[in-house]
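# Observations on the model geometry
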Amino acid sequence: GDSVTQTEGLVTLTKGLPVMLNCTYQTTYSPFLFWYVQHLNEAPKLLLKSSTDNKRTEHQGFYATLHKSSSSFHLQKSSVQLSDSALYFCALSVMSNYNVLYFGSGTKLTVEP
Amino acid sequence: NSKVIQTPRYLVKGQGQKAKMRCIPEKGHPVVFWYQQNKNNEFKFLINFQNQEVLQQIDMTEKRFSAECPSNSPCSLEIQSSEAGDSALYLCASTGTGRTYAEQFFGPGTRLTVL
């Protein structure tokens, strides 16, 4: 079935360093991939989205490229800030399943001074 | 920023009690989803609607959970007889239709605690 895998549960970094959060997915249909960010006690907010193979998408300093050949949509940022500390979820939707979102298990990013 | 409204933000119930929460989707969004996010931050899809019609729902929803999205009224999710395992954040999301509207916009959630 359709699924998303995030391999890092916890990531702790010092401010200013680069980060990459891994996301791989499984589906037999044409995928739409998303990254959502959830700060403590807040709603998940859309960070990035893509359905185009090999095209980089960027927002608020974060970027990701959907690679259908490797079923990946890794999230990157070149220099993390304290305000980036949050939960990050990769999610997959396919139109054949009414666009229901399949979420990964999430990565908690903590940025230290 | 999302304009999905969810009420109440917090809900505390005893076991066996009914728990009802509401959602007003973003204006112009005919598709509404309900998800449950547990204490381990895992998401579980519960049910979705397009206008007033159920598109899909999981088995759990068919038993103790009921939901509706009446015309010109908030959508609602109700747990008929709450159990401790139902304690979670219930998130409502809305979206448009078609491929260009695949992204979902979430409300702040209703945090249910079942004592």
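The rules behind the values
Residues numbered from 1 in each chain as written. Chains lettered and ligands numbered in written order. Predicted model: local features only at pLDDT ≥ 70, side-chain atom pairs only at ≥ 80, totals over all residues. Heavy atoms only, no water. Helix = DSSP H or I, 4+ residues; strand = E, 2+ residues; numbered from the N terminus. Rg over C-alpha atoms; globule rule 2.2 N^0.38 Å. Contact = heavy atoms within 4.5 Å. Buried area = accessible area lost by both parts, 1.4 Å probe. Salt bridge = Lys/Arg side-chain N within 4 Å of Asp/Glu carboxyl O. Polar contact = N/O pair within 3.5 Å; in protein donor to acceptor, adjacent residues only side chain to side chain. Phe/Tyr/Trp six-rings, centres within 6.5 Å; stacked < 30°, edge-to-face > 60°. Buried < 20%, exposed > 50% of the residue type's maximum accessible area, 1.4 Å probe, protein only. Pairing = 2+ DSSP bridges. Axes fitted to C-alpha atoms, helices over the stretch in contact; angles between N-to-C directions. Core = buried A, V, L, I, M, F, W, Y, C linked by side-chain atoms within 4.5 Å.

### Digging into the overall build of chain A
When helices and strands are tallied, chain A shows zero helices and 12 strands. Beginning at the N terminus, the succession of helices and strands in chain A can be written as β-β-β-β-β-β-β-β-β-β-β-β. Whereas a compact globule of 113 residues would reach a radius of gyration of roughly 13 Å, chain A reaches 14 Å, a difference of no more than 12%. Along the first, second and third principal axes, the C-alpha atoms of chain A reach 45 × 30 × 20 Å.

### Things to note about the interface of chain B and chain A
Each partner contributes to the interface: chain B provides 21 residues, whereas chain A provides 22 residues. Overall, the association of chain B and chain A removes approximately 1900 Å² of surface from exposure, summing both partners, and the carbon and sulfur fraction of that is 58%. Counting across the chain B and chain A interface gives one salt bridge. The partner of Lys49(A) in a salt bridge is Glu103(B), with the nearest N and O atoms 2.5 Å apart. Scanning the region where chain B abuts chain A turns up five residue pairs in polar contact (both at pLDDT 80 or more).

### Some words on the packing of aromatic side chains
All names here are of chain A. Taken as a whole and judged by the stated rule, the model has 14 aromatic pairs over all chains. Pairing Tyr36 with Phe103 gives two aromatic rings, centres 6.0 Å apart and planes at 50°, and the pair type is tilted. Taken together, the residues span a long stretch of sequence, with Tyr36 in strand E5 (residues 32–38) and Phe103 in strand E11 (residues 102–103) at a distance of 67 residues. By relative accessible area, Phe103 is classed as buried at 13%. The class for Tyr36 is buried, based on a relative accessible area of 0%.

### Some words on the environment of Ile5(B)
Residues and elements named next belong to chain B. As for its placement among the helices and strands, Ile5 is situated in strand E1 (residues 5–7). We classify Ile5 as partly exposed; its relative accessible area is 44%. Note: C-alpha distance between Ile5 and Leu77 (72 residues apart in sequence) is 14 Å. Excluding residues that lie within four positions of it along the chain, Ile5 makes contacts with Arg22, Cys23 and Ile24.

### A look at the sheet that holds strand E7 (residues 65–68) of chain B
Residue and element names in this part refer to chain B. With respect to topology, four strands assemble into an open sheet ordered E1-E3-E8-E7, the strand pairing being antiparallel. For this open sheet the edge positions go to E1 and E7, each flanked by a neighbour on one side alone. Averaged over all pairs of adjacent strands, the angle between their axes in this sheet comes to 15°, without regard to strand direction. In this sheet, strand E3 (residues 19–24) lies alongside E1 in antiparallel orientation, the contact comprising three bridges. Looking at E3, one finds that Gln6 is bridged to Cys23.

### Comments concerning the side chain of Ser50(A)
Residues and elements named next belong to chain A. Within the secondary structure, Ser50 is located in strand E6 (residues 45–50). At 3.3 Å, the side chain of Ser50 forms a polar contact with the backbone nitrogen of Thr52. In contact with Ser50, other than residues within four places in its own chain, are Pro31, Phe32, Leu33, Lys55, Thr57, Leu66 and Phe73.

### Here we look at the nonpolar core
Counting residues in each nonpolar core, the largest one holds 25 residues, and the members touching the most others are Leu33(A), Trp35(A), Leu47(A), Leu75(A) and Tyr88(A). Every element with two or more residues in this core is listed here: strand E2 (10–14), strand E3 (19–21), E5, E6, strand E8 (62–65), strand E10 (86–93) and strand E12 (107–112) of chain A.

### With respect to the environment of Gln26(A)
Here Gln26(A) shows up in strand E4 (residues 24–26). Between the C-alpha atoms of Gln26(A) and Pro44(A), which are 18 residues apart in sequence, the distance is 22 Å.

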